[in-house]
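Breakdown of the fold
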Amino acid sequence: MSVLFSPYALGPLQLRNRIVIAPMCQYSAENGNAGDWHMIHLGQLSLSGAGLLIIEATAVEETGRITPGDLGLYSDDNEAALARVLAAIRRHSRIPVAIQLAHAGRKASSHAPWEGGQCLTPDEGAWQTEAPSALPHAPGEPPPVALDSGGLSRVKAAFVRAAQRADALGLDAIELHAAHGYLLHQFLSPVSNQRDDAYGGSLENRMRFPLEVFDAVRAAVPPRMPVGLRISATDWVEGGWDAEQSIAFGKALSERGCSFMHVSSGGVSPQQKIPLSPGYQVPMAERVKAAVGLPTIAVGLVTEPAQAEAIVAAGQADLVALARAILFEPHWPWRAAAELGAQVEAPRQYWRSQPRELKALFGDTRIGQR
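These lines cover the structure that appears in this document, whether it is placed above or below.

Rules used in this analysis
- Residues numbered from 1 in each chain as written.
- Predicted model: local features only at pLDDT ≥ 70, side-chain atom pairs only at ≥ 80, totals over all residues.
- Heavy atoms only, no water.
- Core = buried A, V, L, I, M, F, W, Y, C linked by side-chain atoms within 4.5 Å.
- Buried < 20%, exposed > 50% of the residue type's maximum accessible area, 1.4 Å probe, protein only.
- Helix = DSSP H or I, 4+ residues; strand = E, 2+ residues; numbered from the N terminus.
- Contact = heavy atoms within 4.5 Å.
- Lys, Arg positive; Asp, Glu negative; His and termini not counted.
- Salt bridge = Lys/Arg side-chain N within 4 Å of Asp/Glu carboxyl O.
- Pairing = 2+ DSSP bridges.
- Axes fitted to C-alpha atoms, helices over the stretch in contact; angles between N-to-C directions.
- Right-handed = clockwise from strand over helix to strand, strands pointing away.

Nonpolar side chains in soluble globular proteins generally cluster together in the buried interior. By size, the foremost hydrophobic cluster in this structure holds 86 residues, and its most contacted members are Leu101, Ile174 and Leu176. Ranked by residues supplied to this core, first place goes to helix H3 (residues 149-168) with 7 residues. Ignoring any residue separated from it by four or fewer positions in sequence, one finds leucine 176 in contact with Leu101, Phe159, Val213, Phe214, Val217, Val227, Gly228, Leu229 and Arg230. Core analysis: the second largest hydrophobic core is formed by 15 residues, Ala22, Phe260, Ile297 and Val299 among them.

Turning next to the side chain of lysine 107. Mapping lysine 107 onto the fold places it in the loop between strand E5 (97-102) and strand E6 (130-131). One buried charged residue, lysine 107, forms no salt bridge at all, with the nearest opposite charge on glutamate 141 at 8.9 Å. In this view, lysine 107 contacts Ile66, His137, His180, Gly181, Tyr182, Gln186 and Gly267; residues no more than four positions away in its chain are not counted.

As a further point, take the sheet that holds strand E12 (residues 319-322). Overall, parallel pairing links the 8 strands, which are arranged E3-E4-E5-E8-E9-E10-E11-E12 in a closed barrel. With strand direction ignored, the average angle separating the axes of adjacent strands in the sheet is 25°. Pairing between E5 and strand E8 (residues 173-178): 4 bridges, direction parallel. What sits directly across from leucine 101, in E8, is leucine 176. Docked against the sheet, H3 engages E5 and E8, running at close to 165° with respect to E5.

Another point: the pairing of strand E4 (residues 52-59). Looking along a regular strand, one sees the side chains alternate between the two faces of the sheet. When you tally the buried positions in E4, you get 8 out of 8 residues, the bulk of the element. With 6 bridges connecting them, E4 and E5 associate as parallel partners. If you follow threonine 58 over to E5, its bridge partner there is leucine 101. Remark: the E4/helix H2 (residues 76-92)/E5 crossover connection has right-handed handedness.

Structure (structure tokens):
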């Protein structure tokens, strides 16, 4: 039996298999509101047969958006727009749906990637960014404002309110974004956090605000809703955040009731040097999983079914997340099930596509016609 297609539980949340659709920004919202693109995009992914779908990084406040096109969950309009998309998904798919709540910090106020991804200018609608310290992401960029105590309280409250909206929408889980150089990661990394108060300096101090946000979100939603984090296990920068610190952070999260860790890397500095290769982040997920013991999601250049199967079969991670691979091939889980001799859930409208030689691929299906 395929381990990749065996069930798994994130606390009370039951997943039909170990395939996770990673959150992928679409930069296509209007004033934070999900629109027709999200209906099409998330709709097709909800029919993929994956075990869990995580909605893209969703800003908890307007100034926390990476770009003007970022999805948001900071207003009633945002909530109503996303409710429309979720209602359509629920009518046609049983896939559990999570959301990644995020704040971009000093990497906010940017162009979309297809427009170059660089900082907006004042004439283009730039806004003032915020961060742990008044250090720009790259030389020559506008510096952020260092968050004071009032700003920290405001951001924490924004995460809480967004989490409450996620619960009201009936979402199945929350992932807090503490990776890729965005605000919570900025607090963790000594590259971006050079504060001299209780939120900077030592590892304990740098972890303080992300842990406060986790505690506040965990307390704000019911126990039935798993709350986990995505982390960058290393900055890929000498003297930056690294695996040892990630493990210490993971242990602190575990003590607080964290449901899972989603292990990625990089993003906090343009000085990063990432040695790309198939599954290049999997060893970091394996190390974090072994030391921390939380359910762990591996991600990063996992593209082939046999590769994903080997990761979970060897215990390197409990789940495998796909991003670009599943954008390119939205029914990747169907191919994986076919190659691994497993079964996968497919909508009945597509049952006729089941290959003749794989009569049980979609389970107990019946097709007839006059």
